[in-house]
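Residue strings, one per chain:
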Amino acid sequence: QVQLVESGGGLVQAGGSLRLSCAASGSISTINRMGWYRQAPGKQRELVAAITSDGSTNYADSVKERFTISRDNAQNTVKLQMNSLKPEDTAVYYCNAALWVLRVNFWGQGTQVTVSS
């Protein structure tokens with residue numbers, strides 16, 4: 001089992017920045033990849049950014065050059081630095097931990113990010 005606790009959402013004006021943090025606990029050593037997904041009203045949940053246990057990253061095209069994902073293995077946290085935010089970034093952001101061998105995903109409770117124009 002893996003538990004994920006998110007923090008850092010909020011309201012920001014367009015062009016501003018926010019940083020999301022996700023703290024993982026439990027069977028940390030079994031996690032292959034951690035990432036951030038988001039879901040806007042009426043839309044499907046989509047991958048925003050992810051980072052594997054060896055540090056490889058990938059980003060949605062819509063956030064490249066604006067968002068940066070990083071992980072602190074000592075503190076078992078993953079952060080998402082979001083710069084140059086746009087109103088279309090408004091969504092509930094979810095932290096995800098993927099265990100490939102077990103084919104299991106764990107999710108955080110979600111944190112709201114609202115970008116005003």
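Predicted model only: the values in this text are computed from it and were never measured.

A. Structural view of the state of the cysteines. Counted under the stated rule, the structure contains one disulfide. Between the sulfur of Cys-22 and that of Cys-95 lies a disulfide, 2.1 Å long from S to S. Across the S-S bond of Cys-22 and Cys-95 the torsion is about -85 degrees, and the bridge reads as left-handed. In this pair, Cys-22 is assigned in strand E3 (residues 18-26) and Cys-95 in strand E9 (residues 91-99), connecting sequence segments 73 residues apart. Grouping residues by exposure puts Cys-22 and Cys-95 together as buried.

B. Just the pattern of salt bridges, in detail. Enumeration according to the criterion identifies four salt bridges in this entry. Arg-66 serves as the salt-bridge partner of Asp-89, at 2.8 Å between the closest nitrogen and oxygen. With Asp-89 in the loop between strand E8 (77-82) and E9 and Arg-66 in the loop between strand E6 (57-59) and strand E7 (67-72), this residue pair connects regions lying 23 residues apart in the sequence. Overall, Arg-66 belongs to the buried group, its relative accessible area being 9%. When salt bridges with common partners are traced through the structure, they connect Arg-38, Glu-46, Arg-66 and Asp-89 into a single cluster.

C. Just the side chain of Glu-6, in detail. Following the sequence through the fold, Glu-6 ends up in strand E1 (residues 2-7). Arg-45 is the oppositely charged side chain nearest to the buried, salt-bridge-free Glu-6, at an N-O distance of 7.8 Å. At 2.5 Å, the side chain of Glu-6 and the backbone nitrogen of Cys-95 are in polar contact. A polar contact of 2.5 Å, which involves the side chain of Glu-6, links it to the backbone nitrogen of Gly-110. Setting aside chain neighbours within four positions, we find Glu-6 in contact with Ser-21, Cys-22, Trp-36, Tyr-93, Tyr-94, Cys-95, Gly-108, Gln-109, Gly-110 and Thr-111.

D. Highlighting the layout of surface pockets. Of the pockets and cavities examined, the largest pocket occupies roughly 170 Å³. Lining of the largest pocket is provided by 13 residues; of these, Arg-38, Ala-40, Lys-43, Glu-46 and Glu-88 occupy positions nearest its centre. Residues that form the lining of the largest pocket fall into these classes: two nonpolar, four polar and seven charged.

E. Summary view of the sheet that holds E8. Read from one edge of the open sheet, four strands run E1-E3-E8-E7, paired in antiparallel fashion. Of all strands in the sheet, those with a lone pairing partner are E1 and E7, marking the two edges. When the angles between neighbouring strand axes are averaged without regard to direction, this sheet yields 15 degrees. Sheet analysis places E3 next to E8, joined by six bridges and oriented antiparallel. Pairing of Leu-18 across the sheet is with Met-82, part of E8.

Calculation notes
Residues numbered from 1 in each chain as written. Predicted model: local features only at pLDDT ≥ 70, side-chain atom pairs only at ≥ 80, totals over all residues. Heavy atoms only, no water. Disulfide = S-S within 2.5 Å. Helix = DSSP H or I, 4+ residues; strand = E, 2+ residues; numbered from the N terminus. Buried < 20%, exposed > 50% of the residue type's maximum accessible area, 1.4 Å probe, protein only. Salt bridge = Lys/Arg side-chain N within 4 Å of Asp/Glu carboxyl O. Lys, Arg positive; Asp, Glu negative; His and termini not counted. Polar contact = N/O pair within 3.5 Å; in protein donor to acceptor, adjacent residues only side chain to side chain. Contact = heavy atoms within 4.5 Å. 1 Å grid on protein atoms, 1.4 Å probe; cavity = no way out; pocket = protein on both sides within 12 Å on 5 of 7 lines; lining within 4 Å. Points joined across faces, edges and corners; volume = space filled by probe spheres on them. Nonpolar A, V, L, I, M, F, W, Y, C, P; charged D, E, K, R; others polar. Pairing = 2+ DSSP bridges. Axes fitted to C-alpha atoms, helices over the stretch in contact; angles between N-to-C directions.

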